[in-house]
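Breakdown of the fold
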Amino acid sequence: MSPQYGLLSAGSRFRAKLVFLAMTAGLFAGSASILYRFLFQHAERFALSVLNNIPSIPAILLWGTVAVLIGVLLDAEPLAMGSGIPQVQGEVLGQISMNWRRVMAAKFLGGTAAAALGLSMGRQGPSVQIGASAGKAVAVMAGRSGMEEKILLTCGASAGLSAAFNAPLSGVVFALEEIHRSFSPLVLLSAMVASLTADFLSKNFFGVGPVFSLGTASPMPLGMYGHFVLLGCLCGVGGALFCRITLAAQGFFARLPFPRRYRIILPAMGAVAAAYFLPEILGGGQSLVESLGKGSRSFGVLLLLFSGKVLFTALSSGSGAPGGIFLPMLSAGAVLGALYGTGASALLGTGTAWRVNFLVAGMAGFFTAVVRTPITGILLITEMTGSLSGLLPVSAVALAAHMTAGLLRARPVYESLLLRFLRKSGSRGEPGRILLEVSICPGSVLDGITVAEAPLPRGCLLVAISRAGGDILPRGDTLLSGGDRLTALADASAARHVRAKLLELAANPAVCGASPAAAPGPPPP
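Cut-off values and rules
Residues numbered from 1 in each chain as written. Predicted model: local features only at pLDDT ≥ 70, side-chain atom pairs only at ≥ 80, totals over all residues. Heavy atoms only, no water. Helix = DSSP H or I, 4+ residues; strand = E, 2+ residues; numbered from the N terminus. Rg over C-alpha atoms; globule rule 2.2 N^0.38 Å. Buried < 20%, exposed > 50% of the residue type's maximum accessible area, 1.4 Å probe, protein only. Contact = heavy atoms within 4.5 Å. Lys, Arg positive; Asp, Glu negative; His and termini not counted. Charge placed at Lys NZ, Arg CZ, Asp CG, Glu CD. Polar contact = N/O pair within 3.5 Å; in protein donor to acceptor, adjacent residues only side chain to side chain. Core = buried A, V, L, I, M, F, W, Y, C linked by side-chain atoms within 4.5 Å. Pairing = 2+ DSSP bridges. Phe/Tyr/Trp six-rings, centres within 6.5 Å; stacked < 30°, edge-to-face > 60°. Lys NZ or Arg CZ within 6 Å of the ring centre and 35° of its normal. Axes fitted to C-alpha atoms, helices over the stretch in contact; angles between N-to-C directions. Parallel < 35°, antiparallel > 145°, perpendicular 65-115°, else oblique. Left-handed = near helix turned anticlockwise from the far one by under 90°. Expected span 1.5 Å × (residues − 1).

This next bit is on the overall build of the chain. Regarding its fold elements, the chain presents 19 helices and four strands. Radius of gyration (C-alpha) of the chain: 23 Å, near the 24 Å computed for a compact globule of 525 residues. Taken over the C-alpha atoms alone, the chain extends approximately 70 × 55 × 45 Å along its principal axes. The burial tally for the chain puts 59% of its 525 residues in the buried class. Across the chain, the fraction of contacts at a sequence separation of at least 24, relative to all contacts at a separation of at least 6, is 83%. The distance from the centre of the 38 positive side-chain charges to the centre of the 22 negative ones in the chain is 7 Å.

What follows concerns the environment of Ser-319. Take Ser-319: it is sitting in the loop between helix 13 (299–318) and helix 14 (326–348). Residue classification places Ser-319 among the buried residues on the basis of a relative accessible area of 2%. When residues no more than four places from it in sequence are discounted, the contact partners of Ser-319 are Phe-253, Arg-263, Ile-264 and Pro-267. In terms of polar contacts, Ser-319 uses its side chain to reach the backbone amide nitrogen of Ala-321, at 3.4 Å.

In terms of nonpolar packing, the biggest core is built from 123 residues, with Phe-165, Phe-326, Met-329, Leu-330, Met-363 and Tyr-414 touching the most fellow members. Counting 33 residues, the second largest nonpolar core, distinct from the first, contains Ala-29, Ile-34, Ala-43 and Met-104.

A few words on the pairing of strand 2 (residues 460–467). Extensive coverage of strand 2 is indicated by the burial of six of its eight residues. Pairing analysis gives six bridges linking strand 2 to strand 4 (residues 485–491), with the strands arranged antiparallel. Residue pairing for strand 4: Ser-466 is matched across the bridge by Arg-485. Bridge count between strand 2 and strand 3 (residues 470–472): three bridges; the pairing is antiparallel. Within the sheet, the bridge partner assigned to Arg-467 lies in strand 3 and is Gly-470.

A word on the packing of aromatic side chains. Applying the stated rule across the entire model yields 15 aromatic pairs. When the centroid spacing of 5.8 Å and the interplanar angle of 45 degrees are considered together, the rings of Tyr-36 and Phe-40 count as tilted. Placement of both Tyr-36 and Phe-40 in helix 2 (residues 12–51) is noted, with a separation of four residues, approximately one turn of the helix. By relative accessible area, which is 2% here, Phe-40 ends up buried. Considering the side-chain rings of Phe-242 and Phe-366, the 5.6 Å spacing of their centres and the 70 degrees angle between planes classify their relative orientation as edge-to-face. Placement of the pair is Phe-242 in helix 10 (residues 226–254) and Phe-366 in helix 15 (residues 355–371), with a sequence separation of 124 residues. Phe-242 gets classed as buried once you look at its relative accessible area, which sits at 0%. Of the aromatic side chains, those joined through ring pairs into one cluster are Phe-165, Phe-174, Phe-326, Phe-367 and Tyr-414. The ring centre of Phe-206 lies 3.9 Å from the NZ or CZ of Arg-37, which sits over that ring.

Here helix 8 (residues 168–180) crosses helix 9 (residues 185–206) at 140 degrees, and the two axes come no closer than 8 Å. Between helix 8 and helix 9, the angle is such that the two are oblique. Note that helix 8 runs across helix 9; the crossing there is right-handed. Every residue of helix 9 that contacts helix 8 at Pro-168, Leu-169, Gly-171, Val-172, Leu-176 and His-180 is listed here: Val-187, Leu-188, Ala-191, Met-192, Ser-195, Leu-196, Asp-199 and Lys-203.

An α-helix turns once per 3.6 residues; consequently, residues spaced three or four apart project the same way. The terminal C-alpha atoms of helix 7 (residues 146–165) lie 29 Å apart, and with 20 residues this matches the ideal 28 Å at 1.5 Å per residue to within 8%. One or two residues past the end of helix 7 sits Asn-166, with phi positive at roughly 55 degrees.

So, to be careful, I would describe these as geometric facts and stop short of saying anything about function.
Written out as structure tokens, the structure reads:
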């Protein structure tokens, strides 16, 4: 049986084998992510304790030396640079191919060292890449095909995020919404098994409590929910600004007249300076979020914290240091939420009782504006705070932020980083074919026309149509309808362009919204 046939037919035996491999990937990815989370937390504590207790000159020498060593490591394995999420996206699309051993080793060493410098980076992006590498390792060792390998890669990414945040649902949805871009039952089932397996391991090691300890948020009167729409708009503007500053920082480092291995010296020196002037912006930002939940700050201090966190995060990530921007994004959003709450209290008399409400909603809104995955943003904050009571305001802020960022034409940050990485590396993709899936939105170009009339992109073969729980073998006279899920076979080297074109044809912006993956650049030759 060919791998293409197995994936399309997804019989019970094939499904059972894939679920078993997904569980294995969850065990491997979860264990690796737990170890990374443990090392990362201790490295962050080391950075804060050392910077607060040694003179500036020895700190500068030590920090500069470690920064250069990280740069040398990244020269040896460039795919370990940055958060790692764009690299995983590129691997799923067949644009790049990671050596899972080298990437995992480099991410462990480089990410832990970057955390020990106090850079404004989190553990979540690296956990996703480490988990994806673990999923690829399972696929390679099991002798799975390239298509099944992509599913196991997605399973590993899901498990990595689940273990990093104790957030199994967010791990699944993020992997499907941002990494795989498919909600097919087979991928959903496999990712869920891997994520729950990793979450079980993580909770046994770190406990069952939520990541953030913010106390109980007071229920807000429904008449005050208009504030969440305004906060969402503010988060949309702030998220769009964050994306532009982050990409500008990458451009700045690319123009520097010295080798790439020395770039991390700049954020390392920034960490030494921040330890003396604004130590709250050091590290990923979890302690900053929890401190805001327990006590109020003045408007001026919050504005300084927000500006400092955004700029230091851009400096850290722009240098290519191995670390994520998930947690720095959330901490910047928390500060922005607290900033809005403080301003509303002073100008509109809302009082300080809703401080935690605005803080939590700000995290969801800012994350959604930057990453443009609203479902993940809503679920992630709900799981990280351990409370469903704020689901409605969190959802309102996330959706308002998503719409505002779209109106400002801010591109999703990981999509932009992937495109820059591919252009810089000149990647043509790996050989082989991959399956792509899209759902037809009512009123789209594809709704109501036959397969023969559909302007499908070159290099794309439509192989299956799922409708009302059944599968249809497409023929030229098969009529396409809203709600159909199309499965197409594409060359791996052209997958990014084919997927973007299919999403464009299947979407109705007035109903489903514009696809964030649109306009990915020129198609491959």
